[in-house]
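Below are the chains, spelled out letter by letter.
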Amino acid sequence: MLNSLKSLALATAIITTTSMAFADGHASNWTLDGDNSRLTFGSIKGDTTGEAHSFGAISGGVSADGATLIEVDLASVQTNIDIRNERMIEHVFKGAGTATLAANIDMDALSALEVGGMTTTEVEGVLTLAGTEVEIEAEMFAVRLSEGTVMVTTNDIIFVETEDLGITEGVNKLMELAGLDSITRTTPVVMRLIFNVDG
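Note that the structure is a prediction, hence the values are computed from the model and not measured.

**A short note on a negative patch on the surface**
On the surface, Glu122, Glu124, Glu133, Glu135 and Glu137 cluster together into a patch of negative charge. With respect to the helices and strands, Glu133 occurs in strand E9 (residues 132–146). Residue classification places Glu133 among the exposed residues on the basis of a relative accessible area of 60%.

Below you can see the structure in the form of structure tokens.
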């Protein structure tokens, strides 16, 4: 389930490829608007019951030199069941406070979007969780809402696997505690991320 975090790294990478410069060519810093951004991932339990989950607290941004850093507060996971939230934090996230997402962007390749402009691109990023690093890539979609605001979304549904982050054992424990026959190990992920230019 935590694999949904992978896609957040991708979204922060695309923001740097689409909107780091103003019309006058000066690079700027961009900050994630956590209140208006959303990261949602799904699961299926018992082969028949689909559910949507999310993280309520994400923060970070992109520097003028293209360095991207995003933090996800793992304690903010929301599955709509309190005991399940607690079990995910303890067993799946292994008590880690945050997951860190990073990317380094080639600033020479950057170009500014006009207001209302849209683009899609393949991006890469690295997710670090409890000592495990995972390289990821996917296609993202970005639109410049105003001179100082860009929205980034998944261009398609992203599917990720629990095995990649080493959390399969934690998911097994969730299944045991809930008395379930199965929980999916491949997770669909969708997102909406809003970035605002600093200053």
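**Re the confidence of the model for the chain**
Chain-level pLDDT for the chain is 80 on average; 81% of the residues reach the 70-or-more range. No element of the chain has a lower mean pLDDT than helix H1 (residues 4–19), at 49, and none a higher one than strand E6 (residues 77–78), at 96. Within the model, the stretch residues 15–25 combines pLDDT values under 50 with 42 contacts to residues more than four positions away or in other chains.

**Overview of helix H2 (residues 82–92)**
Regarding H2, the residues found buried are Arg84, Asn85, Met88 and Val92. For H2, the angular spread of the buried residues around the axis is 105 degrees, confining them to a single face. Across H2 from its buried face, at more than 90 degrees, point the exposed residues Asp82 and Glu90. Remark: Lys94 follows H2 within two positions and exhibits a positive phi of approximately 60 degrees.

**A few points about the pattern of salt bridges**
Across all of its chains, the model carries 4 salt bridges by this definition. A salt bridge links Arg84 to Glu51; its shortest N-O distance comes to 2.8 Å. With Arg84 in helix H2 and Glu51 in strand E3 (residues 49–55), this pair connects stretches of sequence that are 33 residues apart. Look at Glu51 and you get partly exposed, because its relative accessible area is 21%. Across the pair Glu147 and Arg144 runs a salt bridge whose closest N-O atoms are separated by 4.0 Å. Sharing partners across several salt bridges, the network here consists of Lys45, Glu51 and Arg84.

About the criteria used
Residues numbered from 1 in each chain as written. Predicted model: local features only at pLDDT ≥ 70, side-chain atom pairs only at ≥ 80, totals over all residues. Heavy atoms only, no water. Patch = residues over 30% accessible without salt bridge, like charges linked within 9 Å, V, L, I, M, F, W, Y side chains within 5 Å. Areas by Shrake-Rupley, 256 points an atom, 1.4 Å probe, with all protein chains shown as cover. Salt bridge = Lys/Arg side-chain N within 4 Å of Asp/Glu carboxyl O. Lys, Arg positive; Asp, Glu negative; His and termini not counted. Charge placed at Lys NZ, Arg CZ, Asp CG, Glu CD. Helix = DSSP H or I, 4+ residues; strand = E, 2+ residues; numbered from the N terminus. Buried < 20%, exposed > 50% of the residue type's maximum accessible area, 1.4 Å probe, protein only. pLDDT = per-residue confidence, 0-100. Contact = heavy atoms within 4.5 Å. Arc of directions from axis to C-beta.

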